[in-house]
Every structure is written in structure tokens, then in C-alpha cells.
Amino acid sequence: MRRNKSSGLGRLISDGERLSLIRRCWQQHAKRLPLESIVQAIDAAKSRLEWKPSECAEIEAALQSYGEVLQAEGSVDFADLMLQAVRDIQSKTMPPLSIRWLLVDEAQDMDAVQMEWVKTHADHGIEITLVGDDDQSLYSFRHAMGYEGLRHISEYLSSAVMSLPINYRCPENVLQHANRLIAHNADRAPKNVEAFRKSPGVIDVIRLSDRWSEADLIASRIQAESEKAQWAILARTNNIIDKVEVAFADRDIPYHRMGGKSVWNKTVGSTLLGLLRSVGDGSWTGVANALYFTGMAPRLVNELSRIQGITCHERLDQIIAEYDHSTSPKSDETLLISLHDGMHDWVDQDKRERQALVIHAVTAWLADRTTEENGTLLRRLEGILCRLNGSLSVRLMKAASRSKAVGKGAAIMTLHAAKGLEFSNVWILGAEEGNLPHSDSTPEEERRLFYVGMTRSKNRLIVSSAAKEGSASRYITESELKPCQN
Ligand SMILES: Nc1ncnc2c1ncn2[C@@H]1O[C@H](COP(=O)(O)OP(=O)(O)OP(=O)(O)O)[C@@H](O)[C@H]1O
């Protein structure tokens, strides 16, 4: 990857633009590999000061191409800003910040470039204070340096180390369980954190049969409480969170998702809403996405999308009439005919104002052609849309706007997104082996994640798991959490 040597920076590209550019480079040079491997390679390359070529020729080609295209377009990404700042301060092309003191919070999350930026400022006589907690280091996948980084910079600065031994947030019993858990990690900074609040919090551990039962129990418990109770529902992945969102929407419980897309904006939800929209207004995009979702090759879907200027019904008529059996598979023709016939029925029922029937039939058409898991989710979404009132377009608008209720009701988010926050009541779901710890990371990092989740609680902590998803997480045992301790 070519790195800009001059101090003249280009235009800062947005995250979306960055991803499109990475996608282009991936398609040109490394299509055989997953897109994610290129994203990770670029992140890794830009978290270091020194350029280290990739051992894989395709990744290296994609990296080079990414750097060259950025430069050719006169753009920079966010990581370039940091790299360029360090380089320019070190080469005296740019002065350091004109400050006397610098406070770095969450210092365990610094990567090598950010650390160099801090060290460069220290070299210019600025007094540095770092605040960090090695037990809350969660970003090794983004090349954060964690405890090793804290030790390194601390030595470099010859800094005095001060421990903050009081936790003012958690009730004593919650903190004791969290401390027992994190003690299972080796290589930690020595510390003995005690709770300021001695009155015990409420703790519970619940085992349910499956994920939907877990999500439904959370929703029914929260519904039974005062609307003023402050709740956070935390899980390892956004897929688990989706089910909680559906269970809340199903019961009309106010909620907001933090740091993740609503279920209505993801593949299953947006395909259902899109196809219903096409029934209502004859637009093509919902039909095209439904064809792709139910198995049609993207190349063929894109070819069909090139036919211009007619409604989706006319377009389907034409596509079926001109279907080329010599080049396209029979299964795609069957799919097209089934959707064509379905659309005619659905539009007819919609005109007779039988919206619930349309929603049911469209859901069934999609659910019959996808995985069991997607099918279950589709049926839950169907239930929510059927309970709303009004025309199809009004129901679609109401469904999509629910997730935009910023700051209202229970906060639903991943454990990563909960870092730095606190809530009166915390519910961690999906505490099974395979999810927590998750295979994407190390058991030590996952343990820190669970620890961060537990220590968000100011009063009550509930941890649940689903038998169908796996045995209960080792972290429940390690923290010595037990059902209904109060
Ligand atoms: N000296 C204090 N007396 C009373 N309450 C305090 C005191 N210091 C902090 N708190 C309260 O304790 C809670 C946690 O504080 P804060 O968020 O600053 O901690 P933190 O170390 O950043 O937490 P974490 O890193 O776990 O997110 C907050 O509700 C804060 O208001």
C-alpha cells in the first residue's frame, strides 16, 4: 500500500465510501477470498507505523490497489489521518498540539499508531495521563495493544502508576462475582477493586429451552415492570439482539437499538418489507431482492433489473414470456412463475383491503424458500405487521419507524457497544458455550467482554442462556453466579 509522503491531506472519505472502495479492490484482486479478510488486512496495515507486506499475493495486490486508488482520488481514510499526523510531527513538518497536559481515556484500546502519537507528544514535553483498565481490553481484533501496550507506554514515559481501587457503580455482590470471573485471566495488572455500595443487588441466572423463549421471557418480564425502570439487554452478537427486538416490537414495548441495524433493515426484514412494498406500488426492487433472497443467481437478478420503465408485474410477464431455457436454469423459471402468480393474487387481495391476508401469503412464499431460522423470523415479523392497522404502505412505515425511537425504552445492544455505559438493570442473554466465549476470539478476551457486561449493572443483573444453543457458558460457573440468589 503506497503511503502518502507529503503532509498535504486529501478529502476524508466516509465509512461507506471506504467500504465501496475496498469492495472494488477486493473484486479486482482477491475475489477468491472473503471480503472480510481484505478489510482486516487494511485495518492491520494501518494500525502499524511500518509497512509489512502480506504473505498472500492477492491480499497484497488488494492492499496496494487500495492505497493507490485513495491517492489517485485525492482521498484519505481515517487511519491515514493518524499515521500522517505522527509522521509529520516526527519529521517536524507539523507541530505537536499546543497543550501542556494530555489525558488519554480507555488507553488499553490504543493501537501502535495511536500510541506513537501519544509518545511523540510526550517527547515534546507534554505531560501525559493515561486512564485505562486492562480488564476492559476488548479490541484486539482492531489491533488494540491491551495490557502489553499499557506496560510499554508506562515504561516509556517512566510514569507513576496509580490504582483506582473503588467501584462506585456496582452493588457489592455483583462486583464480587465479576472479580471472581476476571481472576481466571492470567497476565493482568495487579489490583483489588472493591465496591463502594455495600447493599446487595438482585442477581438471577435463567436457563430457557431456545433463543425465542429467552427473548420472549425478557420482553414479558420488562413489560410487567414500571416503564421508568432502566434496562439494558446485552448479547454477544447482533443476530441474538434481533430476536429481542422482535419480541419487544411484538408486545409494543418501547426500545431502542444502540450501535446496530434494526431487524427491519437487515436482509430478512428488508426483503419482507420490500416485497410487500412492491405489492403495494408495483416497484421492482422488492421483487428483485426477493428473487435473490430465495435463491436466484445474482447475475440473473441483475440482468432482469436492467429492463427499464415498466411495473414489476409487466416486467415479470415479459421475463417469463422471453425466458431463455438454453442459458438459464429451470429452477429460476419455476421461481419466477411462482412469484408472478403470487403477485397477481396479492395485488388483488390488497385492492380488496385484505392486508393481513397479503402479509400472511407473502411471508409464507418467502418462508417456504429459505432456511428454518429465517422462516421463524419471517413469521414473527408477519405477526407484528398483521397487528398494525392501515394500508400496506402505512404498516411498512410504522414498522420501520419503531426502531428509530432514539433514547426511549429499553436499550438493546451488543456487549461491545455497552462498554463505558451503565444501567440500573442489565440482562445478558445468549450465555452459552460457542457464543460466550465466541469462536471469533480468545477465551481471555471473551471473559473480559462478559466482565464488562456484568459491571454495567447498578442494581440488578440477570444472565440467561438457551439449552438448544449449547451448554451454559463457563463464565457463569467461573463467576459463581447462581439462580435467584436473593
Ligand atoms: N467519587 C465518587 N463518588 C460517587 N460516585 C462516583 C464517584 N466516582 C464515580 N462515581 C459514579 O460511579 C459510576 C462509574 O463512574 P465512571 O463511569 O467514571 O467509572 P469508569 O471507571 O469510567 O467505569 P467503567 O470503566 O467501568 O465504564 C458513575 O455512575 C459515577 O457517577
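Cut-offs and rules
Residues numbered from 1 in each chain as written. Predicted model: local features only at pLDDT ≥ 70, side-chain atom pairs only at ≥ 80, totals over all residues. Helix = DSSP H or I, 4+ residues; strand = E, 2+ residues; numbered from the N terminus. Buried ≥ 20, exposed ≤ 12 C-beta atoms within 10 Å, placed from the backbone. Contact = placed C-beta atoms within 7 Å. Domains from an automatic or database assignment. Axes fitted to C-alpha atoms, helices over the stretch in contact; angles between N-to-C directions. Parallel < 35°, antiparallel > 145°, perpendicular 65-115°, else oblique. Left-handed = near helix turned anticlockwise from the far one by under 90°. Nonpolar A, V, L, I, M, F, W, Y, C, P; charged D, E, K, R; others polar. Pairing = 2+ DSSP bridges.

*Asks:* Before we go on, may I ask you to explain the overall build of the protein chain in this structure?
*Replies:* Counting secondary structure elements, the protein chain contains 19 helices and 12 strands. Dimensions of the protein chain, computed from the C-alpha atoms along their principal axes, are close to 80 × 65 × 35 Å. Burial status across the protein chain gives 36% buried among its 486 residues. Considering only intrachain contacts with a sequence separation of at least 6, the fraction spanning at least 24 residues in the protein chain is 79%.

*Asks:* Help me understand the domain arrangement of the protein chain, please; the structure alone is not making it clear to me.
*Replies:* One frequently used descriptor of interface size is the decrease in accessible area upon assembly of the parts. For the protein chain, the assigned domains read domain 1 (11-85), domain 2 (96-162), domain 3 (173-261 + 405-479) and domain 4 (264-401). Summarising the inter-unit geometry, the C-alpha centres of domain 1 and domain 4 are found 36 Å apart.

*Asks:* Looking at this model, I keep getting lost on the packing of helix H10 (residues 267-281) against helix H16 (residues 372-387). Mind explaining?
*Replies:* When two helices pack together, their arrangement is given by the angle between their axes and by how far apart the axes lie. Relative to each other, H10 and H16 sit at 55 degrees, their axes nearing to 10 Å. When the axes of H10 and H16 are compared, the pair comes out oblique. Classified by chirality, the crossing of H16 by H10 is right-handed. Here H10 contributes Val-268, Gly-269 and Leu-272 to the contact with H16, which in turn contributes Asn-374, Leu-377, Leu-378 and Leu-381. Classifying every residue of the contact of H10 with H16 by side-chain character gives 5 nonpolar, 2 polar and no charged.

*Asks:* Looking at this structure, how should I read the packing of helix H1 (residues 15-29) against helix H2 (residues 35-46)?
*Replies:* As a packed pair, H1 and H2 sit with axes 10 Å apart at the nearest point and diverge in direction by 115 degrees. Relative to H2, H1 is oriented so that their crossing is right-handed. Facing H1, whose interface residues are Ile-22, Arg-23, Cys-25 and Trp-26, H2 presents Leu-35, Ile-38, Val-39 and Ile-42. For the contact of H1 with H2, a count of residues per class yields 7 nonpolar, no polar and 1 charged.

*Asks:* What exactly am I supposed to notice about unusual backbone geometry here?
*Replies:* Residues other than glycine predominantly adopt negative phi, and peptide bonds predominantly adopt the trans conformation. Note that the residue after Leu-436, namely Pro-437, is joined by a cis bond; omega there is 5 degrees. Note that Pro-437 resides in the loop between strand S11 (423-428) and helix H18 (443-454). The phi angle at Asp-187 is positive, at roughly 55 degrees, despite the residue not being glycine. Residue placement: Asp-187 occurs in the loop between helix H7 (172-182) and strand S6 (194-197). For Asp-187, a count of 10 C-beta atoms within 10 Å translates into the label exposed. Phi is positive for Glu-353, which is not a glycine, with a value near 60 degrees. Topologically, Glu-353 is positioned in the loop between helix H14 (330-351) and helix H15 (355-367). With 11 C-beta atoms packed within 10 Å, Glu-353 lands in the exposed category.

*Asks:* Looking at this model, I keep getting lost on the sheet that holds strand S7 (residues 202-208). Mind explaining?
*Replies:* Across a sheet, paired strands are connected by hydrogen bonds in the backbone, their directions being either parallel or antiparallel. As summarised here, the arrangement of the 6 strands in space is S7-S12-S11-S8-S10-S9, forming an open sheet in which the pairing is parallel. Each edge of the sheet is formed by a strand with only one pairing partner; in this case those strands are S7 and strand S9 (255-257). This sheet shows a mean twist of 20 degrees between the axes of neighbouring strands, independent of strand direction. In this sheet, strand S12 (residues 457-466) lies alongside S7 in parallel orientation, the contact comprising 7 bridges. Paired with Val-205 across the two strands is Val-463, which belongs to S12. Contacting S7, strand S8 (231-235), strand S10 (410-414), S11 and S12, helix H8 (residues 211-223) crosses the sheet at an angle of about 150 degrees to S12. Seen against the sheet, helix H9 (residues 238-250) touches S8, S9 and S10 and runs at an angle of roughly 160 degrees to S10.

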